[in-house]
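Summary of structural features
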Amino acid sequence: MRFHIGAAAFVIWIMRFYELTAGESAVLYLCIGAVLALELMNTAVESIVDLVSPEKNDMAKKAKDCAAGAVLVMAFMSVITAVYILWDTAVFRHICSVLTDRPYRLCIFAVLAFLWLAWVFGKKNNTDSKEERK
């Protein structure tokens, strides 16, 4: 979920450099919403499966894998959609020039990217871990 939230923020930031139609913007926002909604559904499915079947079970594993697969498929299709709508080398050059015109902008972008990666891949403080429930 953390990765998708950061990626969504990045796409929304990138969108401001384009003159998108209302339809193009709506499609991108719908893709973002669909990925986040499927992430929430995946979390719900995993929580319910863990509650109902705390021991290893092939059916439980299959349910979790299918829920995670739905997120993966939607995320992949969202990336394809975003690339189709946003692919414009002139705009990419403009974004690079905006970041490199003033060095502090590039520094801010780098710090934000680092913080996002630290948030995504950092240690999760999950107080309700499986070990504590046993």
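Whatever comes next refers back to the structure up there.
The rules behind the values
- Residues numbered from 1 in each chain as written.
- Predicted model: local features only at pLDDT ≥ 70, side-chain atom pairs only at ≥ 80, totals over all residues.
- Heavy atoms only, no water.
- Helix = DSSP H or I, 4+ residues; strand = E, 2+ residues; numbered from the N terminus.
- Rg over C-alpha atoms; globule rule 2.2 N^0.38 Å.
- Buried < 20%, exposed > 50% of the residue type's maximum accessible area, 1.4 Å probe, protein only.
- Contact = heavy atoms within 4.5 Å.
- Areas by Shrake-Rupley, 256 points an atom, 1.4 Å probe, with all protein chains shown as cover.
- Salt bridge = Lys/Arg side-chain N within 4 Å of Asp/Glu carboxyl O.
- Core = buried A, V, L, I, M, F, W, Y, C linked by side-chain atoms within 4.5 Å.
- Polar contact = N/O pair within 3.5 Å; in protein donor to acceptor, adjacent residues only side chain to side chain.
- Phe/Tyr/Trp six-rings, centres within 6.5 Å; stacked < 30°, edge-to-face > 60°.
- Lys NZ or Arg CZ within 6 Å of the ring centre and 35° of its normal.
- Disulfide = S-S within 2.5 Å.

**Observations regarding the overall build of the protein chain**
Each helix and strand counted, the protein chain has six helices and zero strands in total. Going residue by residue from the N terminus, the α and β elements of the protein chain occur as α-α-α-α-α-α. Its C-alpha radius of gyration of 19 Å places the protein chain more than 25% over the 14 Å reference for a compact globule of 134 residues. Overall size of the protein chain, expressed as C-alpha extent along the three principal axes, is 55 × 30 × 20 Å. The buried share among the 134 residues of the protein chain stands at 24%. For the protein chain, restricting intrachain contacts to residue pairs at least 6 apart in sequence, the fraction spanning at least 24 positions comes to 73%. Summed over all atoms, the accessible surface of the protein chain reaches about 9,900 Å², with 69% contributed by carbon and sulfur.

**Brief notes about the pattern of salt bridges**
Enumeration according to the criterion identifies two salt bridges in this entry. The partner of Asp-50 in a salt bridge is Lys-64, and the shortest N-O contact between them spans 2.5 Å. Placement of the pair is Asp-50 in helix α2 (residues 22-52) and Lys-64 in helix α3 (residues 58-86), with a sequence separation of 14 residues. In terms of burial, Asp-50 and Lys-64 fall into one category: buried. Notably, a salt bridge pairs Asp-65 with Lys-61, separated by 2.8 Å at the nearest N-O pair. A residue pair is termed a helical-turn pair when its members lie 3 or 4 positions apart in one helix, as Asp-65 and Lys-61 do in helix α3 at four residues.

**Some points on the nonpolar core**
With twelve residues, the main nonpolar core is built from Ile-14, Met-15, Phe-17, Tyr-18, Leu-28, Ala-82, Ile-85, Leu-86, Val-91, Ile-95, Val-98 and Leu-99. The set of elements that each furnish at least two residues to this core consists of α1 (2-15), α3 and α4 (89-101). A per-element tally of this core places α4 first, with four residues. Residues contacting Phe-17, with those up to four places away along its chain left out, are Val-91, His-94, Ile-95 and Val-98.

**Overview of the side chain of Glu-39**
With respect to the helices, strands and loops of the structure, Glu-39 is situated in helix α2. A relative accessible area of 10% places Glu-39 in the buried class. At a separation of 3.1 Å, a polar atom in the side chain of Glu-39 contacts the side chain of His-4.

**Quick word on the packing of aromatic side chains**
Scanning the entire structure with this criterion turns up six aromatic pairs. Summarising the aromatic geometry, the rings of Phe-3 and Trp-116 are spaced 5.4 Å apart at their centres and angled 35° between planes, so their arrangement reads as tilted. In this pair, Phe-3 is assigned in helix α1 and Trp-116 in helix α5 (residues 103-121), connecting sequence segments 113 residues apart. With a relative accessible area of 42%, Phe-3 lands in the partly exposed category. Put simply, the rings of Phe-10, Trp-13, Phe-17 and Phe-109 pair up and form one aromatic cluster. The positively charged end of Arg-16 is found above the aromatic ring belonging to Phe-17, 4.8 Å away from the centroid.

**So, the state of the cysteines**
Inspection of the entire model under this criterion finds zero disulfides. Considering cysteine sulfurs only, Cys-107 is the nearest to Cys-96, which forms no disulfide, with 15 Å between them. Accessibility expressed as a relative area gives 47% for Cys-96, which makes it partly exposed.

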